[in-house]
2 protein chains.
Amino acid sequence: MDQLLSPKQVAEAIGTSESSLKRWCDLGLLKTVKTAGGHRRISVHEALRFVREQNHAVVEPHLLSMPATTDRRARRIEGSAERLTEALLADNQQACHAIVFDLFLAGESISRIFDEVVAPAFRSIGEKWECHEAEVYQERCSCQIMLRLLHDLRSKQVPPNPNLVALGATIEGDQYDLPVTMAEIVLRSVDCDARLLGTSIPFDSLVKAVQAHSPELVWLSVSFIADEAGFMEGFQRLSTAASKTRTAIVVGGRALTSEIRTRLSYSAFCDTMRHLEEFGKTLRRQPDSTPKKARNTRKNA
Amino acid sequence: MDQLLSPKQVAEAIGTSESSLKRWCDLGLLKTVKTAGGHRRISVHEALRFVREQNHAVVEPHLLSMPATTDRRARRIEGSAERLTEALLADNQQACHAIVFDLFLAGESISRIFDEVVAPAFRSIGEKWECHEAEVYQERCSCQIMLRLLHDLRSKQVPPNPNLVALGATIEGDQYDLPVTMAEIVLRSVDCDARLLGTSIPFDSLVKAVQAHSPELVWLSVSFIADEAGFMEGFQRLSTAASKTRTAIVVGGRALTSEIRTRLSYSAFCDTMRHLEEFGKTLRRQPDSTPKKARNTRKNA
DNA sequence: GCAGGTATGGACGATTTGATCGATTTAAGT
DNA sequence: ACTTAAATCGATCAAATCGTCCATACCTGC
């Protein structure tokens, strides 16, 4: 609790400028400790006392409640996954928000944040769940928090180029919406107008969506396959329709084993969000000469 | 998001003079926080609350981080459901946002917007789907648009009182997340700290969540029952756990036929969001003397 | 039409805020 | 211990805000 904060940190937490906060320190409204070099340091205790005394607003409570995460370490990928796991299981939405947005604002690519922070965090929660260290409702609640976070992230992105349309979905019976939503955001980060149709969409309806929109790309996140034969058959119908509209098909998801993949026909298989991002970039660069359909051209082993 | 605005910024946003706005602040119509130097600061949430309460115009919505508004004639419940249906099927997210947020800014209660605009729109889409006038992917896409809209709406609400905790969920096998999300927003609109755990949560895990959080309220949205016997049994376990923590149980959803309801034990059944809102209000007014468990006390026929 | 009460919004000097600057200090990485 | 990028310092200054006053516009009852 006697963690020391810089004037800038306190200023951000209470929603004012660094200049004003420094002036208030010099006026004696906030007691400060000085470093050997003359920099001001304010204890969390003192910052909270000031907030109470002045009835001042607190815009970013997590900065005062979790000062350990406000230093520069917070802006690094390393360790973020573990901190996110903890924040998710603690139902601490603000902390989750802070972790991801700090990385985003620090310039980390969306795909890297997803691959190296979000995905590991949910893998970790899944493992804890299997070991009975976490409850089902905690996992579901974590998904809710993350979904809200993803939505906020999406709303902060620059509006994409409307000339490059992509449609995304999960297949019928697959309700896992986080991966497919992350894929949407990754594609939008490379200036692709990605539109998530939703989860659990039958292949026949996907075919109609492709025919109606003629997108440059369709991405499918396959976390669960209820009926393998039906999946193969439906995918073939989608593939046929996509070739007519010169639409690339990108697939991903843990349900696509290599055995299944060898029997599918798609433009790219993406293990990670980074692969998807790179595929999206190639699509953007050469929208006409893009390989529209190639048998089993996996981008990565 | 809950950033602070100066009186001048708010005045510009709602199209009035700085002088008047300062006077209204001093009259207590707008809650303000003060800087150490005595300058007024107004949160976006408070500004929106004022606009809704006073039915004030908003000439610069972007200053309050709101979507652009249409003309004032659009601020009516009548006809909004039809316009929303059309906008949803046309995949026009901006139009959907405009319709709902215009009503929100005009001071319509959240529950009324949901009951008389959103719900009818989705009923209408469901009917079109049954008549083969709309595709499955259109319905799913509409749900995505609405889910994003609901998230945005939620972020515009004033942060609720943390002393009145409510947990919400759908039961295992029920993946329909719109009603349960709307319920969360309705409860938050009556100053209840409603937290949506997620969809498809087994009763045993719900029991653990209740034991961990001891909420004043649990709401269940039941759109689909896979196993009726299992549902009855699980609900009984939840009911027992809830009585121990003095937690009220509110249920709703089209899967709860009157035949099923007669065999359940809950605090309230809500046909509409308005019923839920009213129940939330009673809970807030008398948090101690609230009837925690009564057999089949339907709030409405 | 007119008197009286009320709400609005512009103007004023005094005060506060927040952005900027080059110089200095901190702290992460090696 | 050393290097180096980032953060902070102190100081300055334009812009914003404060509280107050007041002219004007609007409403209401007569």
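Peer 1: Mind laying out the overall build of chain A, listing which residues take part and the relevant values?
Peer 2: The helix and strand inventory of chain A stands at 13 helices and eight strands. When its C-alpha atoms are laid out on the principal axes, chain A stretches across 75 × 45 × 30 Å. The buried share of chain A, taken over its 301 residues, is 52%. Within chain A, contacts between residues separated by at least 24 positions form 74% of all contacts whose residues are at least 6 apart in sequence. Accessible surface, chain A as shown: approximately 13900 Å² in total, 48% of it carbon and sulfur. With 39 positive and 38 negative side-chain charges, chain A shows a spacing of 6 Å between the two charge centroids.

Peer 1: For the sheet that holds strand E3 (residues 40-43) of chain B, give the residues involved together with the corresponding values.
Peer 2: All names here are of chain B. Across the sheet, three strands lie side by side as E1-E3-E2; this open sheet has antiparallel pairing. Edge positions in the sheet fall to strand E1 (4-5) and strand E2 (33-34), since each of these pairs with one other strand and no more. As paired elements, E1 and E3 share two bridges and run antiparallel to each other. Bridge assignment links Leu-5 to a residue of E3, and that residue is Ile-42. Along the sheet face, helix H3 (residues 44-54) touches E1 and E3 and points at about 75 degrees away from the line of E3.

Peer 1: Got a sec to walk through the packing of aromatic side chains? Specific residues and values, please.
Peer 2: Residues and elements named next belong to chain A. The tally for this structure, following the rule as stated, stands at ten aromatic pairs over all chains. Consider the rings of Phe-203 and Phe-235, whose centres lie 6.4 Å apart with planes at 75 degrees: the pair is edge-to-face. Taken together, the positions of Phe-203 in helix H10 (residues 203-213) and Phe-235 in helix H11 (residues 228-244) put the pair 32 residues apart, joining distant regions of the chain. Look at Phe-235 and you get buried, because its relative accessible area is 1%. Joined through ring pairs, the aromatic side chains of Phe-203, Phe-231 and Phe-235 make up one cluster. The positively charged end of Arg-261 is found above the aromatic ring belonging to Phe-269, 3.9 Å away from the centroid.

Peer 1: Just give me the short version of the interface of chain A and chain B, but keep the residues and values in it.
Peer 2: Across the boundary between the two partners, chain A contributes 36 residues, which contact 35 residues of chain B. Surface buried jointly by chain A and chain B totals about 3000 Å² across both partners, of which 55% is contributed by carbon and sulfur atoms. For chain A, the biggest contributors to the area lost against chain B are Tyr-137, Arg-148 and His-151 of chain A; these three give 22% of the whole. Joining chain A to chain B, the criterion identifies six salt bridges. Between Glu-135 of chain A and Lys-208 of chain B there is a salt bridge; the shortest N-O distance is 3.5 Å.

Peer 1: Please give an account of helix H10 (residues 228-244) of chain B that cites residues and values.
Peer 2: Residue and element names in this part refer to chain B. Taking 1.5 Å per residue as the helical rise, H10 with its 17 residues ought to reach 24 Å, and the 25 Å between its terminal C-alpha atoms agrees with that figure. Buried within H10 we find Phe-231, Met-232, Gly-234, Phe-235, Leu-238, Ser-239, Ala-241 and Ala-242. Buried residues along H10 sit against strand E4 (165-171), helix H9 (203-213), strand E6 (217-221), strand E7 (248-252) and helix H11 (258-261). Sitting at the head of H10, Asp-227 places a side-chain oxygen 3.3 Å from the backbone nitrogen of Ala-229.

Peer 1: Run through the protein's contact with DNA strand C, naming residues and quoting values.
Peer 2: Around DNA strand C, the surrounding shell holds 24 residues, and the nearest of these are Thr-35 and Gly-37 of chain A together with Ser-19, Thr-35 and Gly-37 of chain B. Here a phosphate oxygen of DNA strand C sits 3.0 Å away from a polar atom, N or O, in the side chain of Ser-20 of chain B. Among the secondary structure elements, those contributing two or more residues to the surface near DNA strand C are helix H2 (18-26) of chain A together with helix H2 (18-27) of chain B. Tallied by class, the residues present in the surface near DNA strand C amount to four nonpolar, 14 polar and six charged.

Peer 1: Tell me what's going on with the packing of helix H6 (residues 110-130) of chain B against helix H7 (residues 136-156) of chain B, and back it up with residues and numbers.
Peer 2: Residue and element names in this part refer to chain B. Across the interface, H6 lies against H7 with an axial gap of 10 Å and an inter-helix angle of 170 degrees. With respect to H7, the axis of H6 lies roughly antiparallel. By crossing handedness, the relation of H6 to H7 is classed as left-handed. The residues of H7 that touch H6, namely those facing Ile-110, Phe-114, Val-118, Phe-122, Ile-125 and Trp-129, are Val-136, Glu-139, Ser-142, Cys-143, Met-146, Leu-150 and Leu-153. Looking at the contact of H6 with H7, its residues break down into eleven nonpolar, one polar and one charged.

Peer 1: Break down the confidence of the model for chain A for me, citing the residues and quoting the values.
Peer 2: Averaged over every residue, the pLDDT of chain A is 89; the share at 70 or more is 90%. pLDDT under 50 marks residues 297-301 of chain A. Its contacts with residues more than four places away, or in other chains, come to 14 contacts.

Peer 1: Outline the sheet that holds E6 of chain B, supporting the account with residue identities and numerical values.
Peer 2: Residues and elements named next belong to chain B. As summarised here, the arrangement of the five strands in space is E5-E4-E6-E7-E8, forming an open sheet in which the pairing is parallel. Of all strands in the sheet, those with a lone pairing partner are strand E5 (193-201) and strand E8 (268-270), marking the two edges. With strand direction ignored, the average angle separating the axes of adjacent strands in the sheet is 20 degrees. In this sheet, E8 lies alongside E7 in parallel orientation, the contact comprising three bridges. The partner of Gly-252 across the bridge, within E8, is Cys-270. Helix H8 (residues 177-189) contacts E4, E5 and E6 of the sheet and is inclined by roughly 170 degrees relative to E5.

Peer 1: I'd like a description of the pairing of strand E6 (residues 217-221) of chain A, backed by residues and values.
Peer 2: Residue and element names in this part refer to chain A. In terms of burial, E6 is largely enclosed, as five of its five residues are buried. Across the two faces of E6 the burial is the same, with Leu-217, Trp-219 and Ser-221 and Val-218 and Leu-220 all buried. Of the strand pairs in this sheet, strand E4 (residues 165-171) and E6 are connected by four bridges, and their pairing is parallel. Bridged to Ala-166 within E6 is Leu-217. On the question of chirality, the crossover connecting E6 to the parallel strand E7 (residues 248-252) by way of H11 is right-handed.

Calculation rules
- Residues numbered from 1 in each chain as written.
- Chains lettered and ligands numbered in written order.
- Predicted model: local features only at pLDDT ≥ 70, side-chain atom pairs only at ≥ 80, totals over all residues.
- Heavy atoms only, no water.
- Helix = DSSP H or I, 4+ residues; strand = E, 2+ residues; numbered from the N terminus.
- Buried < 20%, exposed > 50% of the residue type's maximum accessible area, 1.4 Å probe, protein only.
- Contact = heavy atoms within 4.5 Å.
- Areas by Shrake-Rupley, 256 points an atom, 1.4 Å probe, with all protein chains shown as cover.
- Lys, Arg positive; Asp, Glu negative; His and termini not counted.
- Charge placed at Lys NZ, Arg CZ, Asp CG, Glu CD.
- Pairing = 2+ DSSP bridges.
- Axes fitted to C-alpha atoms, helices over the stretch in contact; angles between N-to-C directions.
- Phe/Tyr/Trp six-rings, centres within 6.5 Å; stacked < 30°, edge-to-face > 60°.
- Lys NZ or Arg CZ within 6 Å of the ring centre and 35° of its normal.
- Buried area = accessible area lost by both parts, 1.4 Å probe.
- Salt bridge = Lys/Arg side-chain N within 4 Å of Asp/Glu carboxyl O.
- Expected span 1.5 Å × (residues − 1).
- Polar contact = N/O pair within 3.5 Å; in protein donor to acceptor, adjacent residues only side chain to side chain.
- Near = heavy atom within 4 Å.
- Nonpolar A, V, L, I, M, F, W, Y, C, P; charged D, E, K, R; others polar.
- Parallel < 35°, antiparallel > 145°, perpendicular 65-115°, else oblique.
- Left-handed = near helix turned anticlockwise from the far one by under 90°.
- pLDDT = per-residue confidence, 0-100.
- Right-handed = clockwise from strand over helix to strand, strands pointing away.

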